Amino acid sequence: MTQVSPFSINGPLVAMIAMCVIVAARYGAVSGAFAFLGTRRRPSLHQGLARQIKAEIRWSIISAAIYGMPAGLTAWAWREKGATLIYTEADAYPLWWLPLSLAIALLLQDTWFYWTHRLMHQPSLFKRMHAVHHASRPPTAWAAMSFHPTEALTMAFFVPLLVFVLPLHIGVVGLLLLLMTVMGVTNHMGWEMFPHGLVKGPLGAWVITASHHQGHHQRYDGNYGLYFRFWDRLCGTDRGLGTFGRSPR
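Since we're looking at a predicted model, the values are computed, not measured.

Caption draft 1: Here's a closer look at the nonpolar core. Core analysis: the biggest nonpolar cluster contains 44 residues, and Tyr-67, Met-145, Leu-162, Leu-168, Leu-176 and Tyr-227 have the highest contact counts within it. For this core, the secondary structure elements donating two or more residues are α1 (6–41), α2 (50–81), β1 (86–87), α3 (97–120), α5 (149–156), α6 (158–162) and α7 (170–186). Beyond its immediate sequence surroundings of up to four residues, Tyr-227 is in contact with Leu-106, Gln-109, Asp-110, Leu-176, Leu-179, Met-180, Met-183, Trp-206, Val-207 and Ile-208.

So this is what it looks like as structure tokens:
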């Protein structure tokens, strides 16, 4: 009787479960840290939002599981099968490729996010896919991954698929995931952590901060980007900066 190696069955499954835990822990650590910072800076920031925050955490844990499964499968494929283009030796490609590859990855992810996000604001899709995220009024640091499962799926496969088509150093992959997490959290904090001179200056004209994304949660009809204002400005959907304060429920 032919024996089947248990590793061939359990390996991918264990990797997916482990990555789900890692994604959930990363969400909890980063969102928790910025939520704590926010309440230290503005003690009344989350006043009256206990029920909303519980819902944000619940939806985010579901999203963490959705994000973790393809990420874990990809990590297993890289470590055990060498099936991705992730590399570990810094000199495997020219050193200039390290920053360039990160820039390309960020631009591609921002492009994918802009167009899928804009699509989900179409009335036929908004209620089914995106309304969960906009139920956070005002958004908090816990809302960064508060998505309906169908919305979570639109982004869950992006980075796992990207490493099959774009050579990325493992450090670049880690930095990409860190930026994605931190930007997602800081853009939903309900207050602006960056100085006025940066937000209103030349860099703020192109890079998204909480002030810009706050405008999206207030108006719904623009400011769709993730990292950059490029697509919003090009497509006429840049609505400028929002203001911080409680929205009517």
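Now that the structure is up, let's keep going.
Caption draft 2: Region of interest: the pattern of salt bridges. Scanning all chains against the criterion turns up 3 salt bridges. Between Asp-221 and Arg-219 there is a salt bridge, with the nearest N and O atoms lying 3.2 Å from each other. Classification of Asp-221 by relative accessible area gives partly exposed; the value is 30%. Its relative accessible area of 48% is what places Arg-219 among the partly exposed residues. The salt bridge involving Asp-221 is made with Arg-239; its shortest N-O contact spans 3.6 Å. Placement of the pair is Asp-221 in the loop between α9 (210–219) and α10 (230–235) and Arg-239 in the segment after α10, with a sequence separation of 18 residues. Classification of Arg-239 by relative accessible area gives partly exposed; the value is 29%. Within the structure, one salt-bridge network assembled from shared partners comprises Arg-219, Asp-221 and Arg-239.

Caption draft 3: Structural view of unusual backbone geometry. For the bond running from Arg-137 to Pro-138, omega is 0°, close enough to zero to count as cis. With respect to the helices and strands, the residue Pro-138 is situated in the loop between α4 (123–134) and α5. Even without a glycine there, the phi angle at Asn-223 is positive, about 55°. Topologically, Asn-223 is positioned in the loop between α9 and α10. For Asn-223, a relative accessible area of 1% translates into the label buried.

Caption draft 4: Expanded view of the packing of aromatic side chains. All chains considered together, the criterion is met by 9 aromatic pairs. Residues Tyr-87 and Tyr-93 carry aromatic rings whose centres are separated by 4.8 Å and whose planes lie at 45° to one another, so their mutual orientation is tilted. Given the relative accessible area of 32%, Tyr-93 is considered partly exposed. Geometrically, the ring pair formed by Phe-230 and Trp-231 is edge-to-face, given 5.2 Å between the ring centres and 75° between the ring planes. Relative accessible area serves as the criterion here: at 40%, Phe-230 is assigned to the partly exposed category. Among the aromatic residues, ring-to-ring pairing joins Tyr-114, Trp-115, Tyr-224, Phe-230 and Trp-231 into one connected group. Arg-79 extends its terminal NZ or CZ atom over the ring of Trp-78, reaching a point 5.2 Å from the ring centre.

Caption draft 5: Summary view of α3. In this model, α3 (24 residues) spans 34 Å end to end at C-alpha, consistent with the 34 Å of a helix rising 1.5 Å per residue. Residues of α3 that are buried include every one of Trp-97, Ser-101, Leu-102, Ala-105, Leu-106, Gln-109, Asp-110, Phe-113, Tyr-114, Thr-116, His-117 and Met-120, and no others.

Caption draft 6: How the structure looks around the environment of Met-129. Structurally, Met-129 can be placed in helix α4. Once the C-alpha coordinates of Met-129 and Thr-243 are considered, the two residues, 114 residues apart in sequence, prove to be 26 Å apart. When near neighbours in sequence (up to four residues on either side) are disregarded, Met-129 contacts Met-120, His-148, Thr-150, Glu-151 and Thr-154.

Caption draft 7: Examining the side chain of Thr-84 more closely. For Thr-84, the location among the structural elements is in the loop between α2 and β1. At 3.2 Å, the side chain of Thr-84 and the backbone nitrogen of Ile-86 are in polar contact. Excluding its chain neighbours within four sequence positions, the residues that come into contact with Thr-84 are Thr-74, Trp-78, Val-163 and Phe-164.

Caption draft 8: Representation of a nonpolar patch on the surface within the structure. On the surface, Leu-153, Phe-157, Leu-161, Phe-164 and Val-165 cluster together into a nonpolar patch covering about 480 Å² of accessible area. If you trace the backbone, Leu-161 turns up in helix α6. Of the residues examined, Leu-161 reaches a relative accessible area of 53% and is grouped as exposed.

Caption draft 9: A look at the packing of α2 against α5. Interaxial distance between α2 and α5 falls to 9 Å at its minimum, and their mutual angle equals 35°. Between α2 and α5 lies a crossing whose hand is right-handed. Residues Trp-59, Ile-62, Ser-63, Ile-66, Tyr-67 and Pro-70 of α2 lie in contact with α5, whose contacting residues are Pro-149, Ala-152, Leu-153, Met-155 and Ala-156. Across the contact of α2 with α5, the residue classes break down as 10 nonpolar, 1 polar and no charged.

About the criteria used
- Residues numbered from 1 in each chain as written.
- Predicted model: local features only at pLDDT ≥ 70, side-chain atom pairs only at ≥ 80, totals over all residues.
- Heavy atoms only, no water.
- Core = buried A, V, L, I, M, F, W, Y, C linked by side-chain atoms within 4.5 Å.
- Buried < 20%, exposed > 50% of the residue type's maximum accessible area, 1.4 Å probe, protein only.
- Helix = DSSP H or I, 4+ residues; strand = E, 2+ residues; numbered from the N terminus.
- Contact = heavy atoms within 4.5 Å.
- Salt bridge = Lys/Arg side-chain N within 4 Å of Asp/Glu carboxyl O.
- Phe/Tyr/Trp six-rings, centres within 6.5 Å; stacked < 30°, edge-to-face > 60°.
- Lys NZ or Arg CZ within 6 Å of the ring centre and 35° of its normal.
- Expected span 1.5 Å × (residues − 1).
- Polar contact = N/O pair within 3.5 Å; in protein donor to acceptor, adjacent residues only side chain to side chain.
- Patch = residues over 30% accessible without salt bridge, like charges linked within 9 Å, V, L, I, M, F, W, Y side chains within 5 Å.
- Areas by Shrake-Rupley, 256 points an atom, 1.4 Å probe, with all protein chains shown as cover.
- Axes fitted to C-alpha atoms, helices over the stretch in contact; angles between N-to-C directions.
- Left-handed = near helix turned anticlockwise from the far one by under 90°.
- Nonpolar A, V, L, I, M, F, W, Y, C, P; charged D, E, K, R; others polar.

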